[in-house]
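# Breakdown of the fold
Spelled out, the chains give:
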Amino acid sequence: MPVLEKQFNPPGISERPHDMGHAIYALACRIFPICRSITGKGVRDTIDILKDYINIDRHDVPSGTRVFDWTIPDEWIVRDAYVLDPQGQKIVDFKTSNLHLMNYSIPVQRVMPLAELKGHIHTLPAQPDLIPYKTAYYTDTWGICMPYRDFLALPEGDYEVVIDTEKRPGHLHYGEYLHHGSSQKEVLLYAHICHPSLANDNCSGLALLTCLAAFMRSTQTFYSYRFIFAPGTIGSLAWLSRNEYRLSRIAHGLVLSCVGDGGDVNYKRSRRHSALIDRIAASTRCGEDQQRLKVADFSPYGYDERQFCSPGFDLPVGLLQRSAFGTFPEYHTSADNLDFIRPEHLGTSFRMIKDMIDALEGNWTPLNISPKGEPQLGKYGLFPAIGGHKKNSERTMAYLWVLNLADGCQSLLDIAERSKLAFKEIAAAAAELQEARLILNLGFLNR
Amino acid sequence: MPVLEKQFNPPGISERPHDMGHAIYALACRIFPICRSITGKGVRDTIDILKDYINIDRHDVPSGTRVFDWTIPDEWIVRDAYVLDPQGQKIVDFKTSNLHLMNYSIPVQRVMPLAELKGHIHTLPAQPDLIPYKTAYYTDTWGICMPYRDFLALPEGDYEVVIDTEKRPGHLHYGEYLHHGSSQKEVLLYAHICHPSLANDNCSGLALLTCLAAFMRSTQTFYSYRFIFAPGTIGSLAWLSRNEYRLSRIAHGLVLSCVGDGGDVNYKRSRRHSALIDRIAASTRCGEDQQRLKVADFSPYGYDERQFCSPGFDLPVGLLQRSAFGTFPEYHTSADNLDFIRPEHLGTSFRMIKDMIDALEGNWTPLNISPKGEPQLGKYGLFPAIGGHKKNSERTMAYLWVLNLADGCQSLLDIAERSKLAFKEIAAAAAELQEARLILNLGFLNR
Amino acid sequence: MPVLEKQFNPPGISERPHDMGHAIYALACRIFPICRSITGKGVRDTIDILKDYINIDRHDVPSGTRVFDWTIPDEWIVRDAYVLDPQGQKIVDFKTSNLHLMNYSIPVQRVMPLAELKGHIHTLPAQPDLIPYKTAYYTDTWGICMPYRDFLALPEGDYEVVIDTEKRPGHLHYGEYLHHGSSQKEVLLYAHICHPSLANDNCSGLALLTCLAAFMRSTQTFYSYRFIFAPGTIGSLAWLSRNEYRLSRIAHGLVLSCVGDGGDVNYKRSRRHSALIDRIAASTRCGEDQQRLKVADFSPYGYDERQFCSPGFDLPVGLLQRSAFGTFPEYHTSADNLDFIRPEHLGTSFRMIKDMIDALEGNWTPLNISPKGEPQLGKYGLFPAIGGHKKNSERTMAYLWVLNLADGCQSLLDIAERSKLAFKEIAAAAAELQEARLILNLGFLNR
């Protein structure tokens, strides 16, 4: 990705992909405190911060708008929420953690006995020190979320519950940014923007994609890259309903979430199972130790890839995460905080996603022009002068694989798949072999 | 399977599949004592008992009839058999256990020294307390089967062997019962009827199929169900030779044996490997804990599926068992008795087979009529109002899978296979989604 | 393979494949001491010995000849090589082990300090008692190989290095022998001949193929068998460059190496992945305990199959070994000596390769002429008279598999694959079934 001119100068964005972890973490820290929901101010405020990095467009969809089987709900406004115990002590305070208030709670200002209050309290008995994250977008109810240990200690008596919220016609918002490539074919990169103070899910994804978009401003690409930051489910549906006429441009796509923890990388295939993006994910490696991604089959549960992969769209969109949603103990709890995500993990995730983009952009088809036998690699400086070793280097193996399979019918990705080597390694070897004039670049077949 | 009028009132047959285990066990107990063989009275007596349950036809094939490469042998008649030791004590008595006499033994009435007798005795040294089950249908010989422990204790001296048997022209019999469906396409359900007092192999299969046929009398089906109770190998060959002209009606089939023990369920695929019945078996679950069936590839050894799956017929017939023949220690020994099979296991097997029939009958193809994105399941009462949970219920996953794959090209079985959920779960979810008018029933493609 | 007239009488070659291990070992012992390289006298001397067994042709390719991307180098002549320590003691002597001298070392006659000498010494620190095998065919350098333990004990001081070698125009040689079959289609059998005193790699392969060729002189075959003994890489390329016009005759091929140790058998598939030879390897068993071969996917690293499987040729040639190159500790060290290979292992390898040839020659297609049901095997003496056993013999299973799959579309190899039985077992059962007139031999489809 050669460097172009730069207009913005977003904080910490480097041209060296190895420096990006801290910039992403810094942005995640800025957006973490905001109480986002599927509508309203939290999303607006978040998009405003992203505007420091990229020239993002905010789209507003009015309450009441039909999007397929759904209707945009009224905007949820939250001003304050707390609970006073019988002694008048604040035992729960929205200002301390916005997870204390169930998202989309209706307003309450009332004194009630403990028994009634308990019917509205959500806890995690198995994780007694954590606040759970709960939502009730499409029901008129309210809820208080708190650590189970605190819940057990509540004395009998009357409690004052104050939930100063409001639902009224407003907007659902989503952010959109297009990196223009030379082609109108698009790569969709999507992160959900509706979760309140949860760091991995999904401040990490929002921050990484934003920094990636900023980073890519200095590169030129074949594909155009469409970055979308929208509330979960209804946000992606809103975007889809407004963009149906040009979905045929979406050639590949990734939904990103939970990319800041140190877990293994999990990729969930698109509904198509073997779309190019699915194959690239399986040929990508992550981190210093070049770990393979754990590639799972498509399933209709997860993030917004569910909508992109619904049968009426069936787009080639996969889901990329570190630890998979629902499987790590911090998921949807107050432990998914800024200590849980680390700059180094964000940096590793960034480089892995950049590798995937490089593979999308660079999957050319080589032709071996001396296909009868192996060429004498030593003549080209591509083989050690002294022989008899017990094992070859990985790069030497990559040379041999590219030469062996470069029959003009197999792309670098095909070769990576059969060799079981990383696409990146195959691509580097192919570049050297092309330099040595041992293979020709036949271009991009079926791009 | 909606309820129709009832004509018979066989003992213990309920309309509730959960009550069937005891009825099946009771029937197995009635037929257990009979000394069956591949011809003659034992089969006649057994079929007479089955007639209390269903309107079964008995077919008689005369000795000497050619059936393909085989010839129906003379009928074997057994009146008595015993061995007296040197002191005149009955040490082996056919009346105690019909396994003591090798099936199809020729008549003997003679005193002989121990050494000569030993040449005709069959034992199981590794299971010294059990009588083995032995046959010699097509050879003129005789044999005594006894526990190895008793065999070791035989004193030297002269023994009187009395085998009061006879082979003379007679008949091979098989029973046949047809449950009429709306179509002439048939499902073949087969159990062998030639084993003497062995409970799991195959009183269990005979009793289960008979009770199933009785149970189904109150149901209407698409397929017609042909129940066959015939002696192993030569009985199925006799049936095949008389029914060649309409084998093309056999759309699916199952051979049943050993369905009364508590082992895992073993299914052996048909020679076609991926016939509908094979696929249904792989999508069926068994018992309260919803265990998957152990699905094995086809092999030409086993029960009468060998004949149905011979290359000249190649019918889509699989083999269904609990513990697989030859693998459980009680197999072909006197330990395969009425203690070895249990009503609860027979009931579990019954419900599993009924589930397979339900899948054959109910493999319709759904069409999602709001295929763009997911419908808002909460509106239809199909999704919990409060969100943020770490994991979905299995039913919710079934909704999502059906909606995602209901593109009009995939049947419920296709969906069960890709989702790895049980057919029954997918079918239940699809019924609810159809009720909610979220999917259409496109009917049965390629039935 | 019926016996024909015999002209040669090579030492120890029997007509009974079970007697061949010692003959092969004896030949390996004769050629072991020779200092082979990719050119010159070592190869000539080796071919001369092979001439005692078969009427082998020696081909001479002059230095400077272009073979594809390579050029035949000058011939390397070695007369002596040794190192004297400061006390004048011979610490390294080529006459003791030709591995001490890096193959293709340039001449040296000079006194030098230990530090300079060390820059040319190769050792194996992890195997401190062994001499490594090193080569530098295409570079002008020199090297001494010695045990790491000796290397550590070298005192400071001046050393005299004498390497009496020479590079001058000469020849690369390869040996070729054709066993004529009734067809012009050929099976290529290849062993590399360039390694000095290494027993398994590849005196074992050279000796086995030579003895196989001698053994086959008394047999008539359908295929013609082309045995090639050529230096690694450049030798096979030389043969390919001279035989391009008739490569289309090569129907199957095997590269052999390391066939004398007691390890499991490793087969590496051809680039085509499922060529007949690849399928036969997977259906072959080895040794008394009938072990399956470990079948690995093709990889472009290894022996000369790399050249045969280069994309410009893409011949169906696999690699057969016992312990795979690079994986056993003796590989490319002085421990790969005559104690490492054993007559019994060579004999086992021989019989396995003969089984593969028998499969190539004998993969006929059977037709079951009584395909409706199973034939009554007992009538033909192919089934035990007394039944009720818990398990069938492997031969009985082979009968049943052949009968079940002999629909005229499946060869014996197809049947071996689906039954997971050895080709040899299936072929033996098929021969008996043909003898019993139960199946017809439809001949060789697509041979």
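None of the values given here were measured: they were computed from a predicted structure. (Residues numbered from 1 in each chain as written. Chains lettered and ligands numbered in written order. Predicted model: local features only at pLDDT ≥ 70, side-chain atom pairs only at ≥ 80, totals over all residues. Heavy atoms only, no water.)

Here we take up the pattern of salt bridges. Tallied over the entire structure, the rule returns 90 salt bridges over all chains. A salt bridge links C:Asp314 to C:Arg271, with the nearest nitrogen and oxygen atoms 3.4 Å apart. Of this pair, C:Asp314 sits in the loop between helix H8 (305-308) and strand E18 (317-321) while C:Arg271 sits in the loop between strand E14 (266-268) and helix H7 (276-282), placing them 43 residues apart in sequence. Judged by relative accessible area, which is 21%, C:Asp314 ranks as partly exposed. Several salt bridges share partner residues, and in doing so they unite A:Arg79, A:Asp164, A:Glu166 and A:Arg168 into one network. (Salt bridge = Lys/Arg side-chain N within 4 Å of Asp/Glu carboxyl O. Helix = DSSP H or I, 4+ residues; strand = E, 2+ residues; numbered from the N terminus. Buried < 20%, exposed > 50% of the residue type's maximum accessible area, 1.4 Å probe, protein only.)

Let's shift gears to helix H12 (residues 423-435) of chain A. All names here are of chain A. Here H12 spans 18 Å end to end across 13 residues, near enough to the 18 Å set by a 1.5 Å rise per residue. Of all the positions in H12, only Phe423, Glu425, Ile426, Ala427, Ala429, Ala430 and Leu433 are classed as buried. Along its buried surface, H12 packs onto helix H9 (343-361), helix H10 (394-405), helix H11 (412-419) and strand E20 (439-441). (Expected span 1.5 Å × (residues − 1). Contact = heavy atoms within 4.5 Å.)

The transformation that overlays chain A on chain B combines an axial shift of 0.0 Å with a rotation of 120°, and the residual RMSD is 0.1 Å. On the angle and the small slide along the axis, the relation comes out as a three-fold axis. Among all C-alpha atoms of chain A, that of A:Ser274 lies closest to the rotation axis, at 13 Å. (Least-squares fit on C-alpha atoms with pLDDT ≥ 70 in both.)

Turning to the interface of chain B and chain C, a few remarks are in order. Each partner contributes to the interface: chain B provides 36 residues, whereas chain C provides 26 residues. Carbon and sulfur atoms make up 48% of the area that chain B and chain C hide from each other, which totals about 2,600 Å². For the chain B face of the interface with chain C, the top three residues by lost area are B:Asp69, B:Pro300 and B:Tyr301, together amounting to 24%. Taken together, the connections running from chain B to chain C amount to 5 salt bridges. (Buried area = accessible area lost by both parts, 1.4 Å probe.)

Time to look at the sheet that holds strand E9 (residues 158-168) of chain C. Residues and elements named next belong to chain C. Pairing in this open sheet of 4 strands is antiparallel, and the strands run E5-E4-E9-E6 from one edge to the other. Where the open sheet ends on each side, the last strands, each with one partner, are strand E5 (90-93) and strand E6 (108-113). Recorded for the sheet is a direction-independent mean angle of 15° between the axes of neighbouring strands. Sheet analysis places E6 next to E9, joined by 6 bridges and oriented antiparallel. Residue pairing for E9: Arg110 is matched across the bridge by Val161. (Pairing = 2+ DSSP bridges. Axes fitted to C-alpha atoms, helices over the stretch in contact; angles between N-to-C directions.)

Right, let's get into the pairing of strand E11 (residues 186-192) of chain A. Side-chain positions along a regular strand alternate between the two faces of the sheet. Residue and element names in this part refer to chain A. With 7 of 7 residues buried, E11 is to be regarded as a mostly interior element. Burial along E11 is two-sided: the residues Glu186, Leu188, Tyr190 and His192 and Val187, Leu189 and Ala191 are all buried. Judged from the 7 bridges that link them, E11 and strand E12 (residues 224-230) form a sheet pairing that is parallel. By the bridge assignment, Leu188 is partnered in E12 with Arg226.

Another aspect to go through is the interface of chain A and chain B. On the side of chain B, 26 residues touch chain A, which itself brings 37 residues to the contact. Counting each side, the surface lost to burial between chain A and chain B is near 2,600 Å², with a carbon and sulfur contribution of 48%. Contact with chain B buries area across many residues of chain A, yet A:Asp69, A:Pro300 and A:Tyr301 alone supply 24% of it, more than any other trio. Taken together, chain A and chain B are joined by 5 salt bridges. Among the salt bridges present, the one from A:Glu244 reaches B:Lys372, with a minimum N-O distance of 2.6 Å. The interface formed by chain A and chain B holds 14 residue pairs in polar contact (both at pLDDT 80 or more) in total. Breaking the side of chain A that touches chain B down by element, the ones donating at least two residues are strand E3 (70-71) and helix H8 (305-308) of chain A. (Polar contact = N/O pair within 3.5 Å; in protein donor to acceptor, adjacent residues only side chain to side chain.)

A few words on the packing of helix H5 (residues 199-216) of chain C against helix H9 (residues 343-361) of chain C. Residue and element names in this part refer to chain C. Remark: H5 packs on H9, axes separated minimally by 11 Å, with the N-to-C direction vectors making an angle of 55°. Taken together, the axis directions place H5 and H9 in an arrangement best described as oblique. The handedness of the crossing between H5 and H9 comes out as right-handed. In this structure, H5 uses Ser204, Leu208, Cys211, Leu212, Phe215 and Met216 to contact H9, whose residues at the interface are Leu346, Ser349, Phe350, Ile353, Lys354 and Ile357. Grouping the amino acids of the contact of H5 with H9 by side-chain chemistry returns 9 nonpolar, 2 polar and 1 charged. (Parallel < 35°, antiparallel > 145°, perpendicular 65-115°, else oblique. Left-handed = near helix turned anticlockwise from the far one by under 90°. Nonpolar A, V, L, I, M, F, W, Y, C, P; charged D, E, K, R; others polar.)

A word on the UniProt feature "domain: DUF4910" (unreviewed entry) in chain A. The UniProt record marks residues 25-363 of chain A with the feature "domain: DUF4910" (unreviewed entry), using the residue numbering of this structure. With 25% helix and 27% strand, residues 25-363 of chain A has end C-alpha atoms that lie 31 Å from one another. (UniProt positions renumbered as here; feature names shortened; annotations may be inferred.)

Keep in mind that most residues, glycine aside, have a negative phi and that most peptide bonds are trans. The amide bond that connects A:Asp201 to the next residue, A:Asn202, takes the cis arrangement and shows omega of 25°. Checked against the element boundaries, A:Asn202 lands in helix H5 (residues 199-216). With a phi close to 50°, B:Gln290 is a non-glycine residue in the positive phi region. In this structure, B:Gln290 sits in the loop between strand E15 (285-286) and strand E16 (291-292).

This paragraph deals with the sheet that holds strand E4 (residues 75-84) of chain B. Residues and elements named next belong to chain B. With respect to topology, 4 strands assemble into an open sheet ordered E5-E4-E9-E6, the strand pairing being antiparallel. Lying at the two open borders of the sheet, with one neighbouring strand each, are strand E5 (90-93) and strand E6 (108-113). Taking each pair of neighbouring strands and ignoring which way they run, the sheet shows an average axis angle of 15°.

All names here are of chain A. With respect to the secondary-structure elements, Ser283 resides in the loop between helix H7 (276-282) and strand E15 (285-286). When its relative accessible area of 4% is taken as the criterion, Ser283 is described as buried. Beyond its immediate chain neighbours, meaning those up to four positions away, Ser283 contacts Leu413, Ala416, Glu417, Ala422 and Phe423.

This paragraph deals with the environment of B:Gln410. Residues and elements named next belong to chain B. Within the secondary structure, Gln410 is located in the loop between helix H10 (394-405) and helix H11 (412-419). Spatially, the C-alpha atoms of Gln410 and Tyr53 are 39 Å apart, while their sequence positions differ by 357 residues. A polar atom in the side chain of Gln410 sits 3.4 Å from the backbone oxygen of Leu405.

It is worth spelling out the domain arrangement of chain A at this point. Residue and element names in this part refer to chain A. Segmenting chain A into domains produces domain 1 (17-72 + 178-361), domain 2 (77-168) and domain 3 (366-441). Taking only C-alpha atoms into account, the centre of domain 1 sits 34 Å from that of domain 3. Counting from both sides, the interface comprises 10 residues of domain 1 and, opposite them, 9 residues of domain 3. Interface area lost by domain 1 to domain 3 is led by Arg279, Ser283 and Asp355, which between them contribute 57%. Taken together, domain 1 and domain 3 are joined by 3 salt bridges. The salt bridge partner of Arg279 is Asp414, with a shortest N-O separation of 2.7 Å. For the interface between domain 1 and domain 3, the tally reads 6 residue pairs in polar contact (both at pLDDT 80 or more). Here the side of domain 1 that touches domain 3 is built from residues that sort into 3 nonpolar, 2 polar and 5 charged. (Domains from an automatic or database assignment.)

Now for the pairing of strand E13 (residues 250-256) of chain A. Residues and elements named next belong to chain A. Counting buried residues in E13 gives 6 out of 7 residues, a clear majority hidden from the surface. Note that E11 and E13 share 6 bridges and pair parallel. Opposite Val187, over in E13, you have His252 as the bridge partner. The pairing of E13 with strand E18 (residues 317-321) spans 4 bridges and is parallel. Among the inter-strand pairings, Leu254 is bridged to a residue of E18, identified as Gly318.

Let's shift gears to helix H2 (residues 41-50) of chain A. All names here are of chain A. Taken together, the buried positions of H2 are occupied by Gly42, Val43, Thr46, Ile47, Ile49 and Leu50. Burial along H2 is one-sided: seen end-on, the buried residues are contained in an arc of 155°. Of the surrounding elements, those touching the buried residues of H2 are helix H1 (20-31), strand E1 (57-62), strand E10 (171-179), H5 and E12. (Arc of directions from axis to C-beta.)

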